[in-house]
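# Remarks on the overall topology
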Amino acid sequence: MIRPLRRLHRWAALGFWLLVPLLAGAVAGSAAP
Amino acid sequence: MSHRYRAVGWNPQKLAYDRTIALAVTSGLGIAAAGTAVLNPAATLETILLRSTALTALVLLHAVLSIGPLCRLDRRLLPLLYNRRHLGVTMFLVAAAHGVLAIVQFHAGGDAHPLVSLLTTSRDWSSAERFPFQIAGALALGVLVVMAATSHDFWLRTLTAPVWKTLHMGVYVAYAAIVVHVAFGALQSEAPPAAAWLLGVGIVWLATLHTLAAHREARNDRSVPAGVSWVDAGPAAAIPDGRARIVCAAGERIAVFRYGTQVSAVSNVCQHQNGPLGEGKIVGGCIVCPWHGFEYRPDTGASPPPFTEAVPTFRTRIVDGRVFVDPRPLSPGTWIEPARLEP
């Protein structure tokens, strides 16, 4: 039970960093005419 | 250990903690949604979602900020601290849902990009009626996303504990921004006035808790001045078996542990996140930090192999049943023969 949870936890923690390019993309997109 | 990967210590307590968070958040969202729908029958689904996520995130933030001082006031509450990071990340997720909903609801319908619209709808900082409270909310979310993204143990180790802790004190910046966000939102009737009253109660609650905890800390720290060669730590029998008494000497806190007939003293500061070792207990021959379970042997101050952390140790002696501690710290990991109580 613990090992898959640990893997999920690691992916979830990594998933937060997907927000960075997403936000950067949104800001860049907002600058376009 | 500090230079090697250490997996997150999942255990039944942490799982129970997470189940409690999930239950509290779902019921919080449900109650807030039902309350909004009953008090405001004309509310649309979007309004209900916006308000229930706002209220739940606000209550969660107060819970997160209460845990620190509550644990200082009563050590029985220490289990609350055990997985506080998950509570913080959950709070961020609920607040982020609120932010995304608000942007979609109020800023996605126009010609301008929603983020441009968010930042430019109002720039009238001097007017209470048109104060851009949404920018304050966005600022709070910005701080919280950095904290949530660095909450994993990997970042604690990579950034080192002092940097990580400083970064995560940013929660108070986020709290200040949220106070502005809710107060001006309520003034502009975007949020019900009840939200502002609730926030007022929350501010008083947090300020009281933090003041009480600081007062308690200051009282415990009535320090013995530098230069005193042996500090009286009180009767050995007064220290419960496997527990410690914390004494403060020359500005440093020392945890004096009694285990059976032996007494050892180590620095009170855990190498992991400066947790209070003296509030932990000895389990299986090792002092266990009450915050995250780091372990140290009481006589050497060193973590058991393969771990490499170590805390400074102090010489102890027992005279007429009273424990005395030499306040000069020895190098971390230095073995000191425990003082022994007469059987």
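Residues numbered from 1 in each chain as written. Chains lettered and ligands numbered in written order. Predicted model: local features only at pLDDT ≥ 70, side-chain atom pairs only at ≥ 80, totals over all residues.

## Quick look at the overall build of chain B
Cut-off, in case you're wondering: Strands are runs of DSSP state E lasting at least 2 residues, helices are runs of H or I lasting at least 4, and numbering of each runs from the N terminus. Neighbour counting defines burial: a residue surrounded by 20 or more other C-beta atoms within 10 Å of its own C-beta is buried, one with 12 or fewer is exposed, and intermediate counts give partly exposed, using backbone-placed C-beta atoms.
Secondary structure assignment for chain B yields nine helices and 11 strands. Dimensions of chain B along its principal axes, counting C-alpha atoms only, are 80 × 40 × 35 Å. Taken over 343 residues, chain B has a buried fraction of 31%.

## Examining the packing of helix α2 (residues 45–73) of chain B against helix α8 (residues 171–187) of chain B
All names here are of chain B. Stated precisely, the cut-off is as follows: Only the stretch in contact is used when fitting a helix axis, every axis being a line fitted to C-alpha atoms; angles between N-to-C directions are given from 0 to 180 degrees. Handedness of a crossing follows from how the near helix is turned relative to the far one, being left-handed for an anticlockwise turn of less than a right angle and right-handed for a clockwise one. The contact criterion used here is simple: two residues whose C-beta atoms, placed from the backbone, lie within 7 Å are in contact.
Running from N to C, α2 and α8 point in directions that differ by 145 degrees, and their axes come no closer than 12 Å. Regarding α2 and α8, the two cross each other, and that crossing is left-handed. Residues L58, L61 and L65 of α2 form the contact with α8, whose participating residues are V171, Y175, I178 and V182.

## Regarding α8 of chain B
All names here are of chain B. Inclusion rule: Take the number of residues in a helix, subtract one, and multiply by 1.5 Å to get its expected span.
Between its first and last C-alpha, α8 extends 24 Å over 17 residues, near the 24 Å set by a 1.5 Å rise per residue. Those residues of α8 lying buried are A174, Y175, A177, I178, H181, V182, A183, F184 and G185. Positive backbone phi, at 60 degrees, marks S189, one or two positions downstream of α8.

## What to know about the pairing of strand β3 (residues 252–259) of chain B
Residues and elements named next belong to chain B. Short version of the rule: When DSSP finds two or more bridges between two strands, those strands count as paired.
Here strand β2 (residues 243–249) runs beside β3; their pairing, made up of seven bridges, is antiparallel. Pairing of V247 across the sheet is with I254, part of β3. Hairpin connection, β2 to β3: the antiparallel pair is bridged by two residues, and A250 has positive phi, about 50 degrees. Of the pairings in the sheet, the one linking β3 to strand β4 (residues 262–267) comprises six bridges and is antiparallel in character. The partner of F257 across the bridge, within β4, is S264.

## Describing the confidence of the model for chain B
All names here are of chain B. The criterion, for reference: Every residue carries a pLDDT, the predictor's confidence in it, which falls somewhere between 0 and 100.
With 93% of its residues at a pLDDT of 70 or more, chain B has an overall mean of 87. The secondary structure element of chain B with the lowest average pLDDT is helix α4 (residues 114–120), at 80, and the one with the highest is β4, at 95. Below a pLDDT of 50 lies the segment residues 1–8, which in the model reaches 12 contacts outside its immediate sequence neighbourhood of four places, other chains included. Here the prediction assigns the complex a pTM of 0.74, and the interface score ipTM is 0.71.

## As for the sheet that holds strand β6 (residues 286–288) of chain B
All names here are of chain B. Here three strands make up an open sheet; going across it, the order is β5-β6-β7 and the pairing antiparallel. Only two strands of the sheet have a single neighbouring strand rather than two, namely β5 (281–283) and β7 (295–296). Pairing of β5 with β6 involves three bridges; the strand directions are antiparallel. What sits directly across from K281, in β6, is V288.

## Remarks on unusual backbone geometry
Residue and element names in this part refer to chain B. In this chain, P305 is followed by P306 through a cis amide linkage whose omega measures 10 degrees. Within the element layout of this structure, P306 appears in the loop between β7 and β8 (313–314). In this structure, D320 is a non-glycine residue whose phi angle is positive, near 50 degrees. Turning to its location among the elements, D320 is positioned in the loop between β9 (316–319) and β10 (322–325). Of the residues examined, D320 has 7 C-beta atoms within 10 Å and is grouped as exposed.

## Focus on the packing of α2 of chain B against helix α3 (residues 84–107) of chain B
Residue and element names in this part refer to chain B. This is how it is decided: Oblique is the label for any angle not covered by the other classes, which are roughly parallel (under 35 degrees), roughly antiparallel (over 145) and roughly perpendicular (65 to 115). Throughout this entry, Asp, Glu, Lys and Arg are counted as charged residues, while Ala, Val, Leu, Ile, Met, Phe, Trp, Tyr, Cys and Pro are counted as nonpolar. The remaining residues, Gly among them, count as polar.
Contact pair α2 / α3: the axes reach a minimum separation of 9 Å and the direction vectors enclose 155 degrees. With respect to each other, α2 and α3 are oriented roughly antiparallel. By crossing handedness, the relation of α2 to α3 is classed as left-handed. Contacts from E46, L49, L50, T53, A54, T56, A57, L60, L61, A63, V64 and I67 of α2 reach α3 at R84, L87, G88, T90, M91, V94, A95, A97, H98, L101, A102 and Q105. Partitioning the contact of α2 with α3 into residue classes produces 16 nonpolar, six polar and two charged.

## Section: the sheet that holds strand β1 (residues 231–235) of chain B
All names here are of chain B. Spatial ordering of the open sheet is given by β1-β10-β9, a layout of three strands whose pairing is antiparallel. Bordering the open sheet on either side are β1 and β9, each of which pairs with just one other strand. The average angle at which neighbouring strand axes cross in this sheet is 30 degrees, direction not considered. As judged from the four bridges shared by β9 and β10, these two strands associate in the antiparallel manner. By the bridge assignment for β10, I318 is matched with V323.

## Points about α2 of chain B
Filter applied, for reference: Two axes enter the definition of the bend at a residue: one is fitted to the seven residues ending there, the other to the seven starting there, and the bend is the angle between them.
Taking 1.5 Å per residue, 29 residues should reach 42 Å; α2 of chain B reaches 42 Å between its end C-alpha atoms and fits that length. Its maximal kink placed at I67 of chain B, α2 of chain B deviates by approximately 35 degrees, while the proline P69 of chain B follows within four residues.

## Structural notes on the pairing of β9 of chain B
Along β9 of chain B, the buried face is formed by T316 and I318 of chain B; none of R317 and V319 of chain B, which line the opposite face, is buried. Counting the residues in the hairpin turn of β9 of chain B and β10 of chain B gives two residues, including D320 of chain B, whose phi is positive at 50 degrees.

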